[in-house]
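For reference, the chains in residue letters:
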Amino acid sequence: MKRMMSLWLMVAVMVLGIMSTISLAQETPEKIIEMEAWCYGSPAEGFKATNIDRATRLLNKMLEAAGSNVRVDMKATFEHVPSADALKSKITAAYEAGQLPDILGGTDTLYEIRAGFLTPVEDYLTKYEDLAADIPYSLLWRFMYKGNLYGLSADSAAHTFYFRKDVLRQLGWDEAAIDAFPDKIRKGEITWYDISRIAKEAKAKGLVKWGIYHRPNPGGSLWIPYYTLTGGNFYDLEEDKMVLDKNSLLKMYKVYYQMAQIDKVLPSTMIGTSWRKIHTDFVNGRVLFWMGGCWQWGEWQRVAYHEELGELSASYAWENIGFSLYPAVETWGEPGVAVGTTSYVIPKQSKHPELAFLIALLASQPAFEVDHNITSGKLPLHGGTRSLPKFKEEAKFVAAISYFSDYALSEWMPHEGWIVLPSILVEGLTKVEQGELTPEKAVDLVVARAKAELGDEIIIK
Amino acid sequence: MNISTKTRKNYRQYLLAFLFLLPFLLFVLLCWIGPLGTTILLSFSDAKYVLSRMSYAGFSNYIKIFRFDLYVPEILKITVFYIGCVLIINALFSFLLAIMVTYYIKHEMVGAVYRVLWFLPRMLPTIIYALMWIWFIDPDIGLLNPILKLFGFAGPESWILQKPFSYILLVAVNGFIGVSWGMLIYSAAIKSIPISFFEAAMIDGATRFQIIKEIILPLLRWPMLFVTAWQTLSLMGSYGEILAIWGSHGTARAAGVDVWALYTYFKAFALGDYSYAAALSMILVIIGIILILIYFKIFGYGRLMQST
Amino acid sequence: MANLATKKRYKMVLFSRVLQGIIPHSILAIPLIVPVSMLAWLIIQAFSDRVTIGLIPGHFTFDNFRFLWEKIQFGTSVYPNIWPVMANSLFLTLTQVGLTVIVSSLAGYAISRMRFPGRSSMMTFIIALHAFPGVLMLVALLYILVKLGLYGKGFLTLAGITLIKTGLEIPMATWILKGFFDGIPWEVEEAAFIDGCSKFMAWRKVLFPIVKPGISAIAVFAFMSGWGEWILAYTYLKDPRWYTLPVLLYSCIGEFKYVDWGFLAAMALFYLIPSLIFFLLAQKTLLKIQLVGAVKG
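Rules behind the numbers
Residues numbered from 1 in each chain as written. Chains lettered and ligands numbered in written order. Predicted model: local features only at pLDDT ≥ 70, side-chain atom pairs only at ≥ 80, totals over all residues. Pairing = 2+ DSSP bridges. Helix = DSSP H or I, 4+ residues; strand = E, 2+ residues; numbered from the N terminus. Contact = placed C-beta atoms within 7 Å. Nonpolar A, V, L, I, M, F, W, Y, C, P; charged D, E, K, R; others polar. Buried ≥ 20, exposed ≤ 12 C-beta atoms within 10 Å, placed from the backbone. Domains from an automatic or database assignment.

## Details of the sheet that holds strand 14 (residues 458–460) of chain A
Within a beta sheet, neighbouring strands are joined by backbone hydrogen bonds and run either parallel or antiparallel to one another. Read across the open sheet, the three strands follow the order 8-9-14 (chain A); overall the sheet is mixed. Edge positions in the sheet fall to strand 8 (235–236) and strand 14 of chain A, since each has one partner strand and no second.

## Observations concerning the interface of chain C and chain B
Frequently, the measure chosen for interface size is the accessible area that the parts lose on association. Listed as interface residues are 79 residues of chain C and, on the opposing side, 79 residues of chain B. Considering only residue class, the side of chain C that touches chain B consists of 58 nonpolar, 16 polar and five charged.

## Some thoughts on helix 13 (residues 260–270) of chain B
Residue and element names in this part refer to chain B. Counting buried residues along helix 13, 10 of its 11 residues qualify, which places the element largely inside the surrounding structure. Taken as a whole, helix 13 has its buried residues at W260, A261, L262, Y263, T264, Y265, F266, K267, A268 and F269. At the exit of helix 13 stands G272, carrying a positive phi of roughly 75°.

## Let's talk about the domain arrangement of chain A
Residues and elements named next belong to chain A. We note that the domain assignment places domain 1 (31–156 + 341–402) and domain 2 (158–338 + 414–460) within chain A. Each of domain 1 and domain 2 was reduced to a C-alpha centroid, and the two centroids are 30 Å apart. In this assembly, 15 residues from domain 1 lie in contact with 10 residues from domain 2. Residue assignment for the side of domain 1 that touches domain 2 shows that the elements contributing at least two residues are helix 4 (109–115), strand 4 (144–145), helix 16 (366–376) and helix 19 (396–400). Split by residue class, the side of domain 1 that touches domain 2 holds nine nonpolar, five polar and one charged.

## What to know about the environment of V179(B)
Residues and elements named next belong to chain B. On the secondary structure map, V179 appears in helix 7 (residues 163–191). As a C-alpha pair, V179 and S234 span 55 residues in sequence and 12 Å in three-dimensional space. Ignoring anything within four residues of it in the chain, the contact list for V179 reads I89, N90, F93, S94, L97 and W118.

## Structural notes on the domain arrangement of chain C
Residue and element names in this part refer to chain C. Split into domains, chain C comes out as domain 1 (2–63) and domain 2 (73–288). Taking the mean C-alpha position of each, domain 1 and domain 2 sit 34 Å from one another. In this complex, domain 1 contributes seven residues to the contact, which on the side of domain 2 involves six residues. Of the residues in the side of domain 1 that touches domain 2, the class split is four nonpolar, two polar and one charged.

## Points about the interface of chain A and chain B
The partner chain B presents 22 residues to the 26 residues of chain A that form the contact. Only helix 3 (84–96), helix 4, helix 20 (417–433) and helix 21 (439–454) of chain A provide two or more residues apiece to the side of chain A that touches chain B. Here the element with the most residues in the side of chain A that touches chain B is helix 3 of chain A; it accounts for six residues. Looking at the side of chain A that touches chain B residue by residue, the classes come out as nine nonpolar, nine polar and eight charged.

Structure (structure tokens):
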């Protein structure tokens, strides 16, 4: 009996041994490529990192199918930053230590380009252009600087002009008029002066505390009136210089002057107000118009600004808040929006730039980016995303504003001057709104400062 | 024979002193000499965005500050105003507070409570302190405007931006933090005056006021110099609270509270213009050193240097 | 006649006594309305679930403190658990306090009591150092830390930051302690030497305890410096697990909006409590012992 047992034991061991040897022989060692991606943005933009993860997993599935033993191990992180300046320091320190990741998402692209941190990617884009066939050209080839392309768009954010439908109803507008309102703006039938007039009426009737709010510090939405007049921005691509059109600047300042000092629908202390107050006031219906951005629609539903309801429900939002392009300055002029994109960029220190680029490109595939659009309210890059059922159902808002892309004015100004010009413009704006200077004098101030700071680098028309 | 033992004794003394000072010297070398040297070098270079790409640029940064920078005169005015006003609080008002809390308040416990409360702003991290102020001055949900209304003053819609009020806010925010430091030093100094001095004076029939004038004031000359000099230097380099409350350099400039140190920070960290920021800082250093020399001349530095 | 005069004098004395009672308290207490009301607001806000108007609380809730037992989720950002981060801050701060006290008391004693070449220039140098604003030291320090190879190395980086912070505090701490040492009469030391102490033992057993008030002052300053450190930590650490507490707090406030006031206030309170505790402990030492202050007569 004992001999039988030991015999069986020996056989079992032998079989096990043979099996494991066979499996070991079949198991080829994996070659693992380690990569890192650091993404940043507002609390609602976590999908920037998640999509990098998903893109990597997709890539790994393809590699497995091809029988390759190469895998990519991607560590994608997302953080909400303490301050933009602190982030710059963090990235600079990483650069100096030689430890920048393979992909950076949502950082200050222009700063990094100028600092020489990034790899040009136009060759890669040309190679994989088919994957981006339904991305509009202006969004795809946005991050150009001195002939090179430095990044891929991660998403697209359009500024949005919001208004309170419930206040308009109280003014006596019927639903048809309210629904037609955005269309009238689109056609250029309504100008800033009309807006101001409507706001004045609402304020006079005590329906709102203020007629209109705008952002409290320098940013694209402030300059849209100027952009709509000049059909562009403060930069001349051919000359590679900044441009300032005095006449258009004057018209823009006149609009703000009208709203702040004449009709008194815009608080003269708008600049410097806290964001919290701005959102709370608009969400609670104390302000009629808000010069905001498309991402706020999602934010209002995620953050408890409303004093009774907390976070807005989608139905409340659709019922009471309307949205449109920014109005034209002059009758039959052009309405418009400024579109800003954040980027995925590839630092020079990455050991696998092409692979990183490919993953970043895959991260914006319709199936992935739709989730980002739904959560953050940013516009999709791919045209294909718009026809996804999930997009149409869950991103109703973004779908409703997708026509904005047709009126989009670029805000990419890869010139040193765009660092200093906004504060000068805001200085002029503040003085106009506070009544310290007339629009004409403000334009003179801005021109003087711009000339002093930028010298030759700015063309004053 | 005598001479050699004496020198050996001196030598041993020096060695001992050196040992006591060794950790101190190491730290200073790492954390001060190194950065200072780098900063001074930077101010004569043209490094932007990345420090490792420095190249010599002579005095061009300094020239730019004095001749071409439009904003410098305004910033200089604001900085001088700021330092002047806050110094009055940090060096003089704190003295008043110290006398109140050590000399006039008889109950030890009450004095302690006051001391802790006055130290409160300094204990808060800057962001929290800023958050609290932002709430306090908020026209809708804050307390400041309602309190002022009780006294018949109308507070502005925006303390942050409207001109005379933003100055008041600037001074108040920094004053509350700085005052406790002087208070601490002065209190310690007053408390260490021997009781016998006071007893003798009271026997002679001196009033409280006379005691303050004849006994406390003269004995506190050195602490006053110290506090004034130190606070001047601290204020010249301070910008953290201003940045936290006003949020960005642009807003601070619009409100007229753009001080020199804040401008330096802006140039360095928002624009990456490190060498220019270094030059701006060096100007502060030079002015600071000059001011210290003046202070010491006035108060008599020589006595300080006597060995005990 | 005489009665009327004395009555009047009595009234005047009474009046001035009352005035003398009120005035000090007014001067001390009235400006305190500002910080005290702010603190009251912070506490109330931390326990209410919506924004407090004035000092009127909303509904009472503990929910704002949920970061104590679960990971902080802020929109789609997830932060590390708060306890390791708190440990990081504690490590940094307490190490900084300990090192500062030891190094500056040794150096302060040496400068105050010992004779050596370069003594007066060293004193001038220490004061001059304070003329250098922190702003630009930061830039240079960022550079130096990288060159020392301390980028992104978790605990090692944290330790490096601790050393740097200590070094930045040491000149001021040394100067303050020097002042305290100056005030000790020579006889005290003489007595110790007669008893057979070496200089080092005299320092440790006799003089160090006497300057305890000075020690507690610099300990408090060192604590607040370490407890508030965020920029070096944020810039240098890759793994959020090694962040310090203020980084977390600052990230939650962020550059966007003040979103969840209750949560922020709760975190702020949580952050505040250790510094309050430390300060009270230090104050106890400060108040008990008769101060030997930095008085130059």
